[in-house]
There are 2 protein chains.
Amino acid sequence: MQTQGFLSHRAHAGRAALVGLCLAIAALPAVARAADALPSWNDGASKARIVAFVQSVTDPTSKQYVPPAERIAVFDNDGALWTEQPMYFQLAFILDRVKALAPQHPEWRTQEPFKSALAGDMAGVAKAGEHGLLEMMAATHAGMTTDEFRKIVADWLATARHPRFKRPYTELTYAPMRELLAYLRANGFKTFIVSGGGVEFMRVFSERVYGVPPEQVIGSSIRTKYEVRDGKPVIVRLPEVEFIDDKAGKPVGINRYIGRRPILAAGNSDGDFEMLEYTTSAPGPRLGLIVHHDDREREYAYDRESHVGRLDRGLDEAAQRGWLVVSMKDDWRTVYADPVR
Amino acid sequence: MQTQGFLSHRAHAGRAALVGLCLAIAALPAVARAADALPSWNDGASKARIVAFVQSVTDPTSKQYVPPAERIAVFDNDGALWTEQPMYFQLAFILDRVKALAPQHPEWRTQEPFKSALAGDMAGVAKAGEHGLLEMMAATHAGMTTDEFRKIVADWLATARHPRFKRPYTELTYAPMRELLAYLRANGFKTFIVSGGGVEFMRVFSERVYGVPPEQVIGSSIRTKYEVRDGKPVIVRLPEVEFIDDKAGKPVGINRYIGRRPILAAGNSDGDFEMLEYTTSAPGPRLGLIVHHDDREREYAYDRESHVGRLDRGLDEAAQRGWLVVSMKDDWRTVYADPVR
């Protein structure tokens, strides 16, 4: 009985402690709890502003309250959710595909931009400009079914490595931004990717890596066609650009796919300018966020002079427009997420 | 004390009864509970097949189990979720808009198809064919911002009445189909509309009437352009067709917007054939459903010979393809939902 009494007492004390703990947690200021959702962010003005925004739009007693259905958040991908240096990862994919397909295309040995691509001559590739890029996309992204394309992308992602970090590209996503996506979703937001990247390319990893399902990924696209092959319906990819989801195309894409104006937009380059402008230039609470790449040690440092992810007008106008410029160097405790398999 | 004791006893008995009730409900066969979600459906083979399908894909112990993220259901709108006779409701909208705008267009008095539209001569409108329809769409659906267009549609929906039923068009939605949408969502499905109708037209009422948010509405579209007018960003509608979401366009639209194959598709005409084919011709559990309009009393009766919502190949091949043909007359206890304001 003594033992049992002792155990009972211990059990009772345990329960009481648990209840006390629950009460204590419930009594904590909401700010402190919310901040825990963003452990890769350093405490400071940027983190505080994000948390304050989310709290104000989710608090039913706040004048800034926004019903869940209208809590739409849009995120650029390249440079905003994952690294985009030394080149867009999808360009690395295209170049690898050109190499893989070269044996079936002997004519590429003398034909630009394929010749430069095969020689690893990036200046030559750049010289071919947008037209050259579209030619390589047509040669590598079209002619197969969507299912076949997805498998090609998945296989590439599984084996390709970043030249500097020697990690799979999907491991070069930003921990603070993945936390932000999850934090927003936990607060009733619907999170979308709105990127200049190919929509079918991103959909291969968006759900696994970002928790964003394919139907919430908006990107550039090529035309497709419905066909029944041997009794099996397939969607065939055609070598013809349908939509470029960049710059002024981003608000157009948002309207096309979502059909309502977001209340939060995050980007990093002037390609996101119109998306941020569209999102933040309307009544009601709004948050525009720019990831500023100023961390040469842990990632890269670039803005006004960069070819990839150039940020110029956005830096000039962020203050007057009330956009939050996040310093990768100062605001982020961690840059890269733990490996996502 | 007596009273208090009595109350305590009553309260205790009440609690016990409640617990008993909960246990009883939990013990009920899942079928019985699920069936309650579809009260506008008559008990019978159609309802039983729908319920059995939903149960099999949501039961984690079933071989047919489908994870929630893959529970994508697509619904046609005209004739599948609301009435489409004597003409598509959006055509009624177009004709009303032509009349409303006629004072600013004196040339329409002599110019087809506007002349016929203004005279209410539907044979004349039909004679102008698809080209005439596109001309009227360009004249009535473009040139304004998306916000302005939404307001025009909302105002029209608030005042227009169906010629036979004398009710607002949004009250001519099918109760059984609205229940099916809600039942699927309650079972972890994500429900989409995939319709030949204009996407911006449907988005005005889809959330209120069907519980389908704008970002889950796929439809035909015209091109749009981003503009900053007096410092305010707007999306402007252009008189140029971008996408026709009908027939083989439906699987293309599904791939473009959703990026994965649905497991359930519901339609009513041969315009839905490819969507049903695409949805049901793949491994795993799949349900294709056709609403058959055979109820002249309560709605309309039409199929192979109809200009609007013609259903011919679908009827021929439904049995061999395993598609469920729902008889409006026999399977539906109620046709129209209670008014939705």
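This text follows the structure it describes.
What counts and what doesn't
- Residues numbered from 1 in each chain as written.
- Chains lettered and ligands numbered in written order.
- Predicted model: local features only at pLDDT ≥ 70, side-chain atom pairs only at ≥ 80, totals over all residues.
- Heavy atoms only, no water.
- Core = buried A, V, L, I, M, F, W, Y, C linked by side-chain atoms within 4.5 Å.
- Buried < 20%, exposed > 50% of the residue type's maximum accessible area, 1.4 Å probe, protein only.
- Contact = heavy atoms within 4.5 Å.
- Least-squares fit on C-alpha atoms with pLDDT ≥ 70 in both.
- Helix = DSSP H or I, 4+ residues; strand = E, 2+ residues; numbered from the N terminus.
- Buried area = accessible area lost by both parts, 1.4 Å probe.
- Salt bridge = Lys/Arg side-chain N within 4 Å of Asp/Glu carboxyl O.
- Pairing = 2+ DSSP bridges.
- Axes fitted to C-alpha atoms, helices over the stretch in contact; angles between N-to-C directions.

Draft legend 1. Representation of the nonpolar core. Grouped together as the largest cluster of nonpolar side chains are 54 residues, with contacts concentrated most on Ile50, Phe75, Met177, Leu180, Tyr210, Leu289 and Trp332 of chain B. Excluding its chain neighbours within four sequence positions, the residues that come into contact with Leu289 of chain B are Ile50, Met177, Leu180, Ala265, Ala266, Gly267, Leu276, Leu324 and Val326 of chain B.

Draft legend 2. Main features of the relation of the copies chain B and chain A. Once chain B is rotated about the relating axis by 180° and shifted along it by 0.0 Å, it coincides with chain A to within an RMSD of 0.0 Å. Given the turn and translation reported, the copies of this chain are related as if by a two-fold rotation axis. Taking C-alpha positions as the reference, the residue of chain B nearest the rotation axis is Tyr257 of chain B, at 3.4 Å. A share of 100% of interface residues in chain B that are also interface residues in chain A marks the association as one of identical surfaces.

Draft legend 3. Just the side chain of Asn255 of chain A, in detail. Tracing the sequence through the fold places Asn255 of chain A in helix H12 (residues 249–257). If we ignore the near neighbours within four places in the chain, the residues touching Asn255 of chain A are Thr146, Arg150, Glu200, Arg203, Thr224 and Ile235 of chain B.

Draft legend 4. Representation of helix H12 (residues 249–257) of chain B in the model. All names here are of chain B. Most of H12 is tucked away, with nine of its nine residues classed as buried. Taken together, the buried positions of H12 are occupied by Gly249, Lys250, Pro251, Val252, Gly253, Ile254, Asn255, Arg256 and Tyr257. Gly259 occupies a position one or two residues after H12 and carries a positive phi of about 75°.

Draft legend 5. A look at the interface of chain B and chain A. Taken together, the contact pairs 36 residues of chain B with 36 residues of chain A. Counting each side, the surface lost to burial between chain B and chain A is near 3100 Å², with a carbon and sulfur contribution of 44%. The tally of links between chain B and chain A comes to eight salt bridges. Of the charged contacts, one joins Arg256 of chain A and Glu242 of chain B as a salt bridge, the two residues approaching to 3.1 Å between their closest N and O atoms.

Draft legend 6. Quick peek at the sheet that holds strand E2 (residues 190–198) of chain B. All names here are of chain B. Within the open sheet, the seven strands sit side by side as E4-E3-E2-E1-E5-E6-E7. Their pairing is mixed. Two strands bound the open sheet, and with one partner strand each, they are strand E4 (232–243) and strand E7 (324–327). Direction aside, the axes of adjacent strands within the sheet are offset by 35° on average. For E2 and strand E3 (residues 217–229), the ladder comprises three bridges, and the chain directions are parallel. For Ile193, the partnering residue across the bridge sits in E3 and is Val217. Running at roughly 150° to E4, H12 makes contact with strand E1 (72–75), E2, E3 and E4 of the sheet.

These results come straight from atomic positions and should not be treated as a statement about function.
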